[in-house]
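Descriptive structure summary
Spelled out, the chains give:
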Amino acid sequence: MSDSAQSIARPVYRIVALQFTIAVLFSALVAFFAGVEKGWSAAMGGAVAVIGSGVYALIVAGGENDAKAAMRRHFRAEMVKVFITAALFIVALVLFPSASWLWLILGFAVATLAYWFSLLAV
């Protein structure tokens, strides 16, 4: 991996790690205050967001300095992320029919907001 790719990869992976941490903390708080089943639902929602972001980071991190190639890579990464997010929501709801929709969506929203707010700090 080139030096420029490494300089891009470090912040992206830190953002995903921060997103994971916030998702875990949020689901633990939900489990403590609202119940374990709702906490697991929030954790699944957070996991959907973190996995999508992780895949995005893997695709984007291996790039060069060419602007056109970088744009194509980001577009491809975003499309893969959207597909994986939709697929993971379907899998979560099919495999865990007792999951609470509200807490699943809230877990996803909190993890996604953590991702966007951490981008502002980088």
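All of these numbers come straight from a predicted model, not from anything done at the bench.

**Let's talk about the overall build of the protein chain**
Of regular secondary structure, the protein chain possesses four helices and zero strands. If you list the helices and strands of the protein chain from N to C, you get α-α-α-α. Counting across all 122 residues of the protein chain, residues that qualify as buried make up 38%. For the protein chain, long-range pairs separated by at least 24 residues make up 73% of all intrachain contacts whose partners lie at least 6 apart in sequence. Summed over all atoms, the accessible surface of the protein chain reaches about 7400 Å², with 76% contributed by carbon and sulfur. Here the protein chain holds 8 positive side-chain charges and 5 negative ones, and the gap between their average locations is 2 Å.

**Concerning the side chain of Thr85**
Relative to the elements of secondary structure, Thr85 occurs in helix α3 (residues 67-95). Judged by its relative accessible area of 13%, Thr85 falls in the buried class. In this structure Thr85 touches Val48, Gly52 and Phe108, once residues within four positions along its chain are discounted.

**Overview of the confidence of the model for the protein chain**
This prediction gives the protein chain a mean pLDDT of 89; 90% of its residues lie at or above 70. Mean pLDDT across the elements of the protein chain ranges from a minimum in helix α1 (residues 3-34), with 83, to a maximum in helix α2 (residues 36-61), with 94.

**Considerations on a nonpolar patch on the surface**
Residues Ile90, Val91, Val94, Leu95 and Phe96 make up a contiguous nonpolar surface patch of roughly 500 Å² in combined accessible area. Structurally, the position occupied by Val91 is in helix α3. Val91 gets classed as partly exposed once you look at its relative accessible area, which sits at 41%.

**Things to note about the UniProt feature "transmembrane region" (unreviewed entry) in the protein chain**
The sites that UniProt annotates as "transmembrane region" (unreviewed entry) are residues 12-34, 40-59, 79-96 and 102-121. Along residues 102-121 one finds 100% helix and 0% strand; the C-alpha atoms at either end are 29 Å apart.

Reading the values: rules and limits
Residues numbered from 1 in each chain as written. Predicted model: local features only at pLDDT ≥ 70, side-chain atom pairs only at ≥ 80, totals over all residues. Heavy atoms only, no water. Helix = DSSP H or I, 4+ residues; strand = E, 2+ residues; numbered from the N terminus. Buried < 20%, exposed > 50% of the residue type's maximum accessible area, 1.4 Å probe, protein only. Contact = heavy atoms within 4.5 Å. Areas by Shrake-Rupley, 256 points an atom, 1.4 Å probe, with all protein chains shown as cover. Lys, Arg positive; Asp, Glu negative; His and termini not counted. Charge placed at Lys NZ, Arg CZ, Asp CG, Glu CD. pLDDT = per-residue confidence, 0-100. Patch = residues over 30% accessible without salt bridge, like charges linked within 9 Å, V, L, I, M, F, W, Y side chains within 5 Å. Salt bridge = Lys/Arg side-chain N within 4 Å of Asp/Glu carboxyl O. UniProt positions renumbered as here; feature names shortened; annotations may be inferred.

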